[in-house]
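Close look at the chain arrangement
The residues making up each chain are set out below.
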Amino acid sequence: MFHWLEKHPFFFAVGVFVTIAFAGLVEILPNFAQASRPVIGTAPYSTLELAGRHVYIKNSCNACHSQLVRPFKSETDRYGHYSLSGEYAYDRPFLWGSKRTGPDLWRVGNYRTTDWHENHMKDPASVVPGSIMPAYKWMFTNKADIETAFAEQLTVAQYFSVTYNEPVPMKDGSSIIVKMGGSVAEAKAIALEEAKLIAADMRDQDVKDAVARGEIPEIVALIAYMNSLK
Amino acid sequence: MNKLYLGGIIFTALMLVLTYLSVGGSKGGLNDDIVNMLAIAGAVALVIITVFVVIKYVRQMQVDSASGELVDESWEGIGEYKNELPTGWAVMFLLLMVWGMWYFTMGYPLNAYSQIGEYNEDVAVHNAKFETKYKDITGDKLVEMGESVYLAECKVCHGLSADGIEGKAANLNHRLDAVAIKHAIANGANNFKTDFAGGMPPMMLSDPAQIDAVTDYIMSGFVDGHKGAEAFAMGGCTGCHGEKGEGMPFVGPKLDCFDTATVVTVLKDGKKGAIGTMPKFDRLNDKQKEAVGAYITSLSK
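Keep in mind it's a predicted model, so treat the numbers as computed, not measured.

With that settled, consider the overall build of chain A. Looking only at helices and strands, chain A has 10 helices and two strands in total. Ordered by position in the sequence, the α and β elements of chain A form the string α-α-α-α-α-α-α-β-β-α-α-α. Rg of the C-alpha trace for chain A: 22 Å, well past the compact-globule value of 17 Å for 230 residues, more than 25% over. The dimensions of chain A, computed from C-alpha atoms along their principal axes, are 85 × 45 × 35 Å. A buried classification covers 32% of the 230 residues belonging to chain A. In chain A, once contacts between residues fewer than 6 apart in sequence are set aside, the share between residues at least 24 apart is 72%.

Right, here's the structure in full:
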């Protein structure tokens, strides 16, 4: 057989390819399948959080902020536990970033609060003296795009089997259910409920009024997203 | 003698002379240095070996003729000898297979490098060092440690001199301010779930005059004979916070000044107060929390 292969270079090449590809499958696939599953405690993004994620992407926050804590003591002291690949199971796309002009944000929900974010986005230097981050004042007036967030939810639920409206296990043994609306109107109602909780902790009267009117400013969605990063 | 060998010897001699000249001509020469000696010995050996190995193969090309048994295949007229398996190679191959089995079953699984493993080792070493170094730390040393932790973790909001940011982060140079006291009376306080599980109900006092009096009394540092003392007792504050705001373990925190227990409680549970929400600081270990407590206590004294 080997003499036959030596005389037929095409089939020899095919044989080499099959051998190496098989080794690749055996080495890579099991680990990949294991590591890309959501870890316990990772829940899908809610409608409002997803809208906030879109705001984050739209304003290129990932150009200056990474979302990946590396396994070094200096990093885990500052940001918390190092990132696990399964924690990105619901990130499409992930926003690891390649550069830290500002700090990493992957676990910012653990150590910053709604009112801190509000002050910070309005005037970063007021809470972080010497900060070079610009203010993002328009987020307080622009309205979050709930329709697109809902469209993304529908898509990932249908094509990637993301578990909306089903129990998701948490670290303490309990489980939570992340709701997804059945229609645009329902999705907006769900997002508004979340927004009210955020707005209750905020100070800006215009934002509070907007939420009371049933509108959702971008800042509310962004803070919901920031708080979900844990 | 073969012309080839003659040429080789002349070439070798020439190379050695050139080496001698270039080394001898450079500043200091060999300089009686053992490393220089070794280097020159290596150079001489290289020249000689290279020349004679080259000569051997050139000779072989000149005089050798093909011999041996050919294999059956012929690739477009080009044949191949049946070569015996070299013993050295075969031994190496078998040894490599043994090593491979060891590596697959023992070597890789048990001794492989892992970044997470290195991280875990780093952290374990650091924590052990921290434990032994700071086990019995007290007094000024503890305050110093607290200051360094404060500068790394708390300074961002509460500022270098701990005077906070107006309306955004509390001033830590004194225990409470009027806004915080009035907010707690009006809304209750239920922040410290770990150490004060009972919480404080809202509206223990509702008369604005009494609230002002109590606020004044607390702000005054619980001076004797203050007009707010009566309202403080009447509103039920003394039941949990003590006659002079000295606090009670597991019931009510101390009000007259910071103490380590109060600060540690805030770090454990976070705090939602008049000016916003402070996150909890799980990432600090117990000793660090205690140190921050000692530092903040030292500020308000």
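Let us now look at the interface of chain A and chain B. Counting from both sides, the interface comprises 18 residues of chain A and, opposite them, 16 residues of chain B. Secondary structure elements with two or more residues in the side of chain A that touches chain B: α4 (73–79), α5 (114–122) and α6 (124–127) of chain A. Examining the composition of the side of chain A that touches chain B, we find that three residues originate from one element, α5 of chain A, more than from any other.

What follows covers the domain arrangement of chain A. Domain annotation for chain A reports domain 1 (2–35) and domain 2 (47–228). Computed over C-alpha atoms, the centres of domain 1 of chain A and domain 2 of chain A are 44 Å apart.

Once that is clear, we can look at the packing of helix α6 (residues 178–187) of chain B against helix α7 (residues 208–219) of chain B. Residue and element names in this part refer to chain B. Interhelical geometry of α6 versus α7 gives an angle of 130° and a closest axis separation of 10 Å. On the basis of the axis angle, α6 is oblique to α7. For the element pair α6 and α7, the recorded crossing hand is right-handed. On α7, the residues that touch A178, I181, K182 and I185 of α6 are I211, T215, I218 and M219. For the contact of α6 with α7, a count of residues per class yields six nonpolar, one polar and one charged.

How big an interface is tends to be expressed through the accessible area that disappears when the partners come together. When its domains are assigned, chain B resolves into domain 1 (3–63), domain 2 (68–119) and domain 3 (135–299). Relative to domain 2 of chain B, the C-alpha centre of domain 1 of chain B lies at a distance of 36 Å.

A few words now on the packing of helix α3 (residues 47–58) of chain A against helix α7 (residues 146–159) of chain A. All names here are of chain A. Contact geometry for α3 and α7: axes closest at 8 Å, N-to-C directions at 110°. Considered as vectors, α3 and α7 are oriented roughly perpendicular to each other. In this structure, α3 crosses over α7, and the sense of that crossing is right-handed. Seen from α3, the contacting residues are T47, L50, A51 and H54; seen from α7, they are I146, T148, A149, F150, E152 and Q153. In the contact of α3 with α7, the residues fall into five nonpolar, four polar and one charged.

Moving on, we come to the nonpolar core. Counting 43 residues, the largest nonpolar core has A51, V220, A221 and L222 of chain A as its most contacted members. Among the elements of the structure, α3, α7, α8 (184–200), α9 (205–213) and α10 (218–228) of chain A are those that each provide at least two residues to this core. Here this core gets eight residues from one element, more than from any other, and that element is α10 of chain A. Counting 24 residues, the second largest nonpolar core, distinct from the first, contains A169, A170, F281 and A294 of chain B.

Thresholds, definitions, all that
Residues numbered from 1 in each chain as written. Chains lettered and ligands numbered in written order. Predicted model: local features only at pLDDT ≥ 70, side-chain atom pairs only at ≥ 80, totals over all residues. Helix = DSSP H or I, 4+ residues; strand = E, 2+ residues; numbered from the N terminus. Rg over C-alpha atoms; globule rule 2.2 N^0.38 Å. Buried ≥ 20, exposed ≤ 12 C-beta atoms within 10 Å, placed from the backbone. Contact = placed C-beta atoms within 7 Å. Domains from an automatic or database assignment. Axes fitted to C-alpha atoms, helices over the stretch in contact; angles between N-to-C directions. Parallel < 35°, antiparallel > 145°, perpendicular 65-115°, else oblique. Left-handed = near helix turned anticlockwise from the far one by under 90°. Nonpolar A, V, L, I, M, F, W, Y, C, P; charged D, E, K, R; others polar. Core = buried A, V, L, I, M, F, W, Y, C linked by C-beta atoms within 7 Å.

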